[in-house]
Amino acid sequence: MITMKKYDLTEETKQMLGRTLHRIRAVRNFGDVHAGDLGGWIAKEDNLSHSDSAWVYDEAMVFDDALVCDDAKVRDAAVVFNHARIDGEAEISGDAVIGNAAHIWGQAKIADSACVADRACVFNQAQIGGFACIGGDAKIYGDTAVCGGARIIDNTAIHGNARITSAADRLCIGSIGSRDGYVTFYRGKGGAIRVTCGCFNGTIDEFAKMVARAHGNNRHGRAYGTAIELARTVLAEA
C-alpha cells in the first residue's frame, strides 16, 4: 500500500541539542490540518508518519529516533526525542518532555511541564500534568491523573481511578510475594487506597481478601500482609 506524503520538510531550520530540525508544511488536507499549514519541527521524515492524522504543531520538536504516528498530536513547545513513541490518539502539549524509550498511546494526554522518560508507558485515558515526572519502568493507565510535582519511577504500576499529586499519594514495594514482583498502593480519586499487583487492580480491602484466599498465613501471605498494613499507615484513607 502506497501512502501519499502529507508534509514536506521546509528550508527553515533550527538547532536543538546539536541536531538540525526542519519546519514542516502540510501538502494535503488531513484531520484538522490543511494543505499549506506550517507545523512544528522534526529532524527527518522518520519522526512523523505520513499516514493517518498524526501531526507536530506550533513550536513542538521531534527528533532522534522518536516517532509520532497514528492520530497522535504534539503541540505547543513539547519535545519528543531519543526513542520515544507517541501513537494512538495521544496528545503531548505544553512544555512536556518525552524521551528515552517512553511510549505514550491510547487517549493519554501529557501536558504542562511534565516529563516522561526511561521505559515508562502512559496509555488509555491517563493524564500527566504539572511538573510530574514519570520514569523507570513505570506504567500509568486507565483514567489516572498524575499532576503537581508527583514523581512516579521504578516499577510502579498505577491502573485507573487514581489521582497522584505528590510522592505521598503512592507506595511501591518489591520484589515481594510468590511472583517476586512489585505491588503499588496509591490514593484513588475518592481518597480510598487502591492496589495494582500483577493482573490485580482494586481496593486495598479487595487485595487483602485475595491475598488471604491465595496465600493464607504462608510467608507470601505474611509479606503481603505487612505491605498492606504499611500502606494503610502511609496512605491513611481519607
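Here, every reference points to the structure presented above.
Predicted, not measured: the structure shown is a model, and the values here were computed from it.

### Details of the sheet that holds strand S15 (residues 121–122)
Strand order in the open sheet formed by six strands is S6-S9-S12-S15-S18-S21, with parallel pairing between adjacent strands. For this open sheet the edge positions go to strand S6 (67–68) and strand S21 (157–159), each flanked by a neighbour on one side alone.

### Notes on the sheet that holds strand S1 (residues 7–16)
Strand order in the open sheet formed by nine strands is S1-S2-S3-S5-S8-S11-S14-S17-S20, with mixed pairing between adjacent strands. Strand pairing shows two members of the sheet lacking a second neighbour, S1 and strand S20 (151–152), which therefore form its edges.

### A word on the side chain of serine 53
Tracing the sequence through the fold places serine 53 in the loop between strand S3 (38–42) and strand S4 (55–56). When sequence neighbours within four positions are dropped, the list of residues in contact with serine 53 reads Lys6, Phe30, Gly31, Asp70, Asp71, Ala72 and Lys73.

### A word on unusual backbone geometry
The omega angle of the peptide bond from glycine 174 to serine 175 is 5 degrees, so this bond is cis rather than trans. Among the structural elements, serine 175 can be located in strand S23 (residues 170–176). A positive phi angle is found at asparagine 124, which is not glycine, with a value near 60 degrees. Mapped onto the secondary structure, asparagine 124 falls in the loop between S15 and strand S16 (127–128).

### Observations regarding the nonpolar core
Formed by 46 residues in total, the largest nonpolar core has its most connected members in Ile98, Ile104 and Ile110. If near-sequence neighbours (up to four positions away) are discounted, isoleucine 104 is found in contact with Arg85, Ile86, Asp87, Ala90, Ile92, Ile98, Ile110, Val116 and Val122. One finds Ile173, Ile176, Ile204 and Leu235 within the second-largest nonpolar core, a separate group that totals 17 residues.

### Things to note about the pattern of salt bridges
Inspection of every chain in the model, using the stated rule, returns 14 salt bridges. The closest approach of N and O atoms between arginine 23 and glutamate 59, which form a salt bridge, is 3.0 Å. You can see arginine 23 sitting in strand S2 (residues 19–26) and its partner glutamate 59 sitting in the loop between S4 and strand S5 (61–62), a full 36 residues away along the chain. Relative accessible area serves as the criterion here: at 37%, glutamate 59 is assigned to the partly exposed category. Aspartate 205 is the partner of arginine 232 in a salt bridge, and the nearest nitrogen-oxygen pair spans 2.9 Å. A residue pair is termed long-range when its members are at least 10 positions apart, and arginine 232 in helix H2 (residues 219–235) and aspartate 205 in helix H1 (residues 204–215) qualify at 27 residues. Classification of aspartate 205 as partly exposed rests on a relative accessible area of 41%. The network of salt bridges with shared partners includes Asp32, Arg75, Glu91 and Lys109.

### Remarks on the packing of aromatic side chains
Tallying each qualifying case throughout the model produces eight aromatic pairs. Between tryptophan 105 and phenylalanine 123, the ring centres sit 4.2 Å apart and the planes meet at 0 degrees, which makes this aromatic pair stacked. Placement of tryptophan 105 in the loop between strand S12 (103–104) and strand S13 (109–110) and of phenylalanine 123 in the loop between S15 and S16 is noted, with a sequence separation of 18 residues between them. In this structure tryptophan 105 comes out as partly exposed when scored by relative accessible area, which is 27%.

### Regarding the state of the cysteines
Per the counting criterion, the structure on display carries zero disulfides. Summary of cysteine pairing: cysteine 197 is not part of a disulfide, and the nearest cysteine sulfur, belonging to cysteine 199, is at 9.4 Å. Judged by relative accessible area, cysteine 199 falls into the exposed class, the value being 87%.

### Let's talk about a negative patch on the surface
Together, Asp58, Asp76, Asp95 and Asp112 make up a region of like negative charge exposed at the surface. Considering the arrangement of structural elements, one finds aspartate 76 in the loop between strand S7 (73–74) and strand S8 (79–80). The exposure class assigned to aspartate 76 is partly exposed, which follows from its relative accessible area of 35%.

### Observations concerning the environment of phenylalanine 207
Considering the arrangement of structural elements, one finds phenylalanine 207 in helix H1. Separated by 13 residues in the primary sequence, phenylalanine 207 and arginine 194 place their C-alpha atoms 8.5 Å from one another. For phenylalanine 207, the contacting residues outside a window of four places in its chain are Val183, Phe185, Val195, Cys197, Phe200, Tyr224 and Ile228.

### Structural notes on the packing of H1 against H2
Any two packed helices are characterised by how steeply their axes cross, that is the angle between the axes, and by the distance between the axes. At a minimum axis separation of 9 Å, H1 and H2 run at an interaxial angle of 165 degrees. Here H2 runs roughly antiparallel to H1, going by the angle between their axes. As for the relative orientation of H1 and H2, their crossing is left-handed in sense. On the side of H1, the interface is formed by Ile204, Asp205, Phe207, Ala208, Val211 and His215, while H2 contributes His220, Gly221, Tyr224, Ile228, Ala231 and Arg232. When its residues are assigned to classes, the contact of H1 with H2 shows seven nonpolar, three polar and two charged.

So, how was this worked out
- Residues numbered from 1 in each chain as written.
- Predicted model: local features only at pLDDT ≥ 70, side-chain atom pairs only at ≥ 80, totals over all residues.
- Heavy atoms only, no water.
- Pairing = 2+ DSSP bridges.
- Helix = DSSP H or I, 4+ residues; strand = E, 2+ residues; numbered from the N terminus.
- Contact = heavy atoms within 4.5 Å.
- Core = buried A, V, L, I, M, F, W, Y, C linked by side-chain atoms within 4.5 Å.
- Buried < 20%, exposed > 50% of the residue type's maximum accessible area, 1.4 Å probe, protein only.
- Salt bridge = Lys/Arg side-chain N within 4 Å of Asp/Glu carboxyl O.
- Phe/Tyr/Trp six-rings, centres within 6.5 Å; stacked < 30°, edge-to-face > 60°.
- Disulfide = S-S within 2.5 Å.
- Patch = residues over 30% accessible without salt bridge, like charges linked within 9 Å, V, L, I, M, F, W, Y side chains within 5 Å.
- Areas by Shrake-Rupley, 256 points an atom, 1.4 Å probe, with all protein chains shown as cover.
- Lys, Arg positive; Asp, Glu negative; His and termini not counted.
- Charge placed at Lys NZ, Arg CZ, Asp CG, Glu CD.
- Axes fitted to C-alpha atoms, helices over the stretch in contact; angles between N-to-C directions.
- Parallel < 35°, antiparallel > 145°, perpendicular 65-115°, else oblique.
- Left-handed = near helix turned anticlockwise from the far one by under 90°.
- Nonpolar A, V, L, I, M, F, W, Y, C, P; charged D, E, K, R; others polar.

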